[in-house]
Amino acid sequence: MSISQELLEILVCPETKQPLTVAAEALVGRLNERITQGNLTNRAGATVTEAIDGGLVREDGHYLYPVRDDIPIMLIDEAIALNT
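Residues numbered from 1 in each chain as written. Predicted model: local features only at pLDDT ≥ 70, side-chain atom pairs only at ≥ 80, totals over all residues. Heavy atoms only, no water.

## Observations concerning the packing of aromatic side chains
Scanning the model with the defined rule gives zero aromatic pairs in all. Its end group placed over the ring of Tyr63, Arg43 keeps NZ or CZ at 4.3 Å from the ring centre. (Phe/Tyr/Trp six-rings, centres within 6.5 Å; stacked < 30°, edge-to-face > 60°. Lys NZ or Arg CZ within 6 Å of the ring centre and 35° of its normal.)

## Some points on the pairing of strand β3 (residues 63-68)
In terms of residue burial, β3 counts as a mostly covered element, since six of its six residues are buried. Neither face of β3 is exposed, since Tyr63, Tyr65 and Val67 on one face and Leu64, Pro66 and Arg68 on the opposite face are all buried. In this antiparallel pair of consecutive strands, strand β2 (residues 54-58) and β3, the connection spans four residues, and Gly61 shows a positive phi of 80°. Bridge count between β3 and strand β5 (residues 80-81): two bridges; the pairing is antiparallel. Paired with Tyr63 across the bridge in β5 is Ala81. Bridge analysis of β3 against strand β4 (residues 71-72) gives two bridges, and the strand direction is antiparallel. From the neighbouring strand, Arg68 faces β4, where its bridge partner is Ile71. (Buried < 20%, exposed > 50% of the residue type's maximum accessible area, 1.4 Å probe, protein only. Helix = DSSP H or I, 4+ residues; strand = E, 2+ residues; numbered from the N terminus. Pairing = 2+ DSSP bridges.)

## A word on the side chain of Asn32
Within the secondary structure layout, Asn32 lies in helix α2 (residues 25-37). Beyond its immediate stretch of four places on either side in the chain, Asn32 contacts Ala51 and Ile52. (Contact = heavy atoms within 4.5 Å.)

## A few points about the pairing of β2
Most of β2 sits inside the fold, with five of its five residues counted as buried. Side chains Gly54, Leu56 and Arg58 project from β2 onto one buried face, and the interleaved Gly55 and Val57 project onto a second face that is buried too. Taken together, the three bridges between strand β1 (residues 20-22) and β2 define a ladder with antiparallel strand orientation. Within β2, the residue paired with Val22 across the bridge is Leu56.

Structure, rendered in structure tokens:
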């Protein structure tokens, strides 16, 4: 995943306006495992079926916004809860 530092500095959580950081590869790997197993849902309650290339984690660590094809998906309903 390659998001420029300039883009990362202007992207914020659309809900809380908190800054975002790039998700660690280990976290992305764990989430992709759960996607493969079919037991990961997004904030809207829909099962996530497509693997993610990376993610942006909200400053409070509660949600990750997925990144696919180097494009951050900055929709509140697409966020993945990290405290489950």
